[in-house]
Amino acid sequence: MLRLAQLIMIISLFISVAVAAKDLQQQEIEFKEDPGKLLVKLSKSTEFPLHFTSKEEFIQVANDLGFEPVELQRDLEVLARVNLETNLSSTTKYEDAKLLIEQLDLIANTAFDQAMVTMLKARLRGRENKEYQPIVAQYMDALNRINTDMSPQATLFKYILHEHLGGLNMMLLQSAPALSHFNRYREIAYQLHNDYFIAEAETALGKYYNRNGDKAKSLQHFSEAFRLANSIHYPQLKSQTLINLARTYRDLEQWDDALKYAHEAAEIQQELGLDTYLAETLNVIAMVYEGQENWNKAVDYYLNAQQVNERVGNIIAVGINFHNLGGIYSKLNNIPSALNALQGANEIFRSLKTHHYLVHNELLFTKIYLEQGKWAETIDHANKTLELAKKLKQTDIEIETLGYLSTAYRKTNDLNAAINSVDAIIALTKDNEDTPKESDNYSEFTQQKLKFELTLVNNKLEQQVSKNKHNQLVMILLGLMLAFTLAIIIFIWRKLVLKKKLHLESTALNRIEPISQTPGYRAFIETLESMDPTQPKTLALININELNNIDIQLGLTEAQTLMQQLTTQMSQNLDTEVFIIRSGLFACYFNQQHDAEYIYDAVVKCLEKLKTIKTAIPHFANLHDAHQASIGHINLPLLANPDVNISAQLHFETLQYALAAAIGINEKPNYVSLRPLNFAPAAIFMPPLYLNLTQALNRGIIRAESNRNTLDINWPKC
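Residues numbered from 1 in each chain as written. Predicted model: local features only at pLDDT ≥ 70, side-chain atom pairs only at ≥ 80, totals over all residues. Heavy atoms only, no water.

### What to know about the overall build of the protein chain
Per the secondary structure count, the protein chain includes 30 helices and 8 strands. Taken across its 718 residues, the protein chain has 47% of its residues classed as buried. Contacts spanning at least 24 positions in sequence make up 64% of the contacts within the protein chain whose residues lie at least 6 apart. Total accessible area on the protein chain is roughly 36100 Å²; 53% of this is exposed by carbon and sulfur atoms. (Helix = DSSP H or I, 4+ residues; strand = E, 2+ residues; numbered from the N terminus. Buried < 20%, exposed > 50% of the residue type's maximum accessible area, 1.4 Å probe, protein only. Contact = heavy atoms within 4.5 Å. Areas by Shrake-Rupley, 256 points an atom, 1.4 Å probe, with all protein chains shown as cover.)

This is the structure:
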């Protein structure tokens, strides 16, 4: 009885912990979906503001309210976080947040409590002063305090910290740390088994890859987030996934899809009153029209976004809008309006010390003044851009700015300054070429522009050679630098050619099955990936039991010869290419549909000829029963819906499932063929595949056919 009571206590404790963890997750979802509603709810339940000056007084206040002290403390922490949200309309939110942080700091005893206060102080600092670099260190301090804490609340807090750290590093253009935090963010989301959190994490990674120009990975993560958001019915999350898809299609220049998703997102955001997100969506629509060179519509949407940003007090977004408007006004040749907009952006970025935005604004100033032929203003803004680019280590911006600066100096006949600018371009270009990544990004356009600038400078020097003896030495030095630069470019080009050659060789080797030296698993997968998924096809997986250990029984050399001969014979009998997955296991791809009986007959005929294959070991073939063969068979497409995409790997695993069932039948040779019904859902062909297929068979969604009794089939255990 005592043991039973202990077991009941353990189970009760486990259930209570699981319920508490689920409550924490649900509160976090409420926080993300509707912070305004959560603010009202928590303010009412905690009777905020509370008055206490010590831990003892806090405990008394909690008891008076009917709370456990730690429960009230957790609610106050969430209340402080809510007040620090940008899309909250409360006019006293920062004052309330400060009061809450001071009170939480007063009662913080554990490492978790202190980490939470550290994070809240950092977030308040970021909201008030827009100083992002220092608060990264504070966030890392908070993370280090709870890194070893495996409790549900600590795990959820780490999820939040990695989300914020990824976003902060991305704003600061710190690509590697941002990716590291976003990957950890995603890992914790899957650890929590919460589709909402997983969708958020997939969205964050999609934004990261979009920012870094990897559109394929970006669309992959955004699509997964959209799929999850559609299945759990949270409108705010769905609006975010929609706008991210709109951004991706905008970048891919699929304008109609981009506008469709953006307008759907805007409708949801207007209904929910999500002005901060609505401003982002209006910006995306403006950028779509900008991409189509529909400048007037782009201006309209940027101005609408500007009004929303001003209403919610998102000052940085106001500055970015000014910058975008400046670029479009310059396209419309409305230079006064362009300069006014850029000046407005400059004032905001300088006051908030957001140099990562300011550098692009100064660069746009430089371009516009250069186009207007205002050389003094061009030089002034170019120097400001250079100073910021050096501080931010933005080499590409430095090189571009130096090109503009060189042109301006030449126009003002300041040749020494022009030469210095070109020298700086050469030095930066050489530094860039020292790393493979930067060398890859060194465009042909930049090379041609550099040569053009050098030619102009050399012509000027030749004209003045009689007046200045030192010019000849400068020309020689510039020529040597150019030669050195070209030599480096040629060296890097040769390296790239060699790497490409090695890559092609390794790719070819990777497609070969190591024992038989014939096309193997990867070659089969590549063939499946290249096929048209809507056209009728047939796949088969054939296992010959007696050949599974042929490499050990015959030895590598003889086994290789036998397998190559057998592959050739099977290719002729089946009239298709045959791939060896491993010893005794063959995959076949047919460019038209064949039923399983057809393939079964061809395989049996082929196996009858197996004994005719000669080996160096006498009578080896006579000792084996070639009819110990099993066949897994499917016809493609598996699903009638052409919009559903099933990967090549999942096609192969479906074949494996059919073959596993066939191998389990004692009477051989045999085959098992799987055929989904027309109404079969796409979900049955998703991981965990074996479990989904077994359930689908049990429900009658998939039909199984065999030349043996299907009732005797032992389906794979899941």
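Now that the structure has been shown, we can carry on.
### Some details on the packing of aromatic side chains
If you walk through the whole model with that rule in mind, you get 19 aromatic pairs. An angle of 15° between the planes, with centres 5.6 Å apart, marks the rings of Y249 and Y261 as stacked. Of this pair, Y249 sits in helix α12 (residues 235–251) while Y261 sits in helix α13 (residues 255–272), and the two are 12 residues apart along the sequence. Since its relative accessible area comes to 16%, Y249 is described here as buried. (Phe/Tyr/Trp six-rings, centres within 6.5 Å; stacked < 30°, edge-to-face > 60°.)

### Points about the pattern of salt bridges
Tallied over the full model, the rule gives 21 salt bridges. As a salt-bridge pair, E163 and K32 come within 3.1 Å of each other at their nearest N and O atoms. Remark: K32 occurs in helix α1 (residues 2–33) and E163 occurs in helix α8 (residues 152–171); sequence separation between them is 131 residues. Of the charged contacts, one joins E667 and R708 as a salt bridge, the two residues approaching to 3.1 Å between their closest N and O atoms. Of this pair, E667 sits in the loop between α29 (648–663) and β7 (670–676) while R708 sits in the segment after β8 (702–706), and the two are 41 residues apart along the sequence. For E667, a relative accessible area of 48% translates into the label partly exposed. Ionic contacts of the salt-bridge type, sharing partners, join the residues K32, E163 and E200 into one network. (Salt bridge = Lys/Arg side-chain N within 4 Å of Asp/Glu carboxyl O.)

### Comments concerning helix α9 (residues 175–192)
Over its 18 residues, α9 extends 26 Å from the first C-alpha to the last, a length consistent with the 26 Å expected when each residue adds 1.5 Å. If you check which residues of α9 are buried, you get A178, H181, F182, Y185, I188, A189 and L192. For α9, the angular spread of buried residues about the axis comes to 125°, placing them on one side. Directly after α9, the chain includes H193, whose backbone phi takes a positive value near 55°. (Expected span 1.5 Å × (residues − 1). Arc of directions from axis to C-beta.)

### Regarding the sheet that holds β8
Pairing within the open sheet is mixed, and its 6 strands lie in the order β4-β5-β3-β6-β7-β8. Every other strand in the sheet has two partners, leaving β4 (578–582) and β8 as the edge strands with one partner each. Across this sheet, the average inter-strand angle for adjacent strands is 20°, counted without regard to direction. Looking at chain direction, strand β3 (residues 537–544) and strand β6 (residues 629–636) are connected through 8 bridges and run antiparallel. Counted as the bridge partner of T538 is N635 from β6. Lying over the sheet, helix α28 (residues 596–608) contacts β3, β5 (585–590), β6 and β7, oriented at roughly 145° with respect to β6. (Pairing = 2+ DSSP bridges. Axes fitted to C-alpha atoms, helices over the stretch in contact; angles between N-to-C directions.)

### Points about a nonpolar patch on the surface
A surface patch of nonpolar side chains, amounting to about 400 Å² of accessible area, comprises L473, I476, L477 and L480. Looking at the element boundaries, L473 is found in helix α24 (residues 470–510). Here L473 falls in the exposed class, since its relative accessible area comes to 51%. (Patch = residues over 30% accessible without salt bridge, like charges linked within 9 Å, V, L, I, M, F, W, Y side chains within 5 Å.)

### Considering the environment of T568
Mapped onto the fold, T568 is located in helix α27 (residues 556–574). You can call T568 partly exposed: its relative accessible area is 42%. For the pair T568 and V578, spaced 10 residues apart in the sequence, the C-alpha separation amounts to 8.0 Å.

Keep in mind that these numbers describe shape and distance, not what the molecule does.
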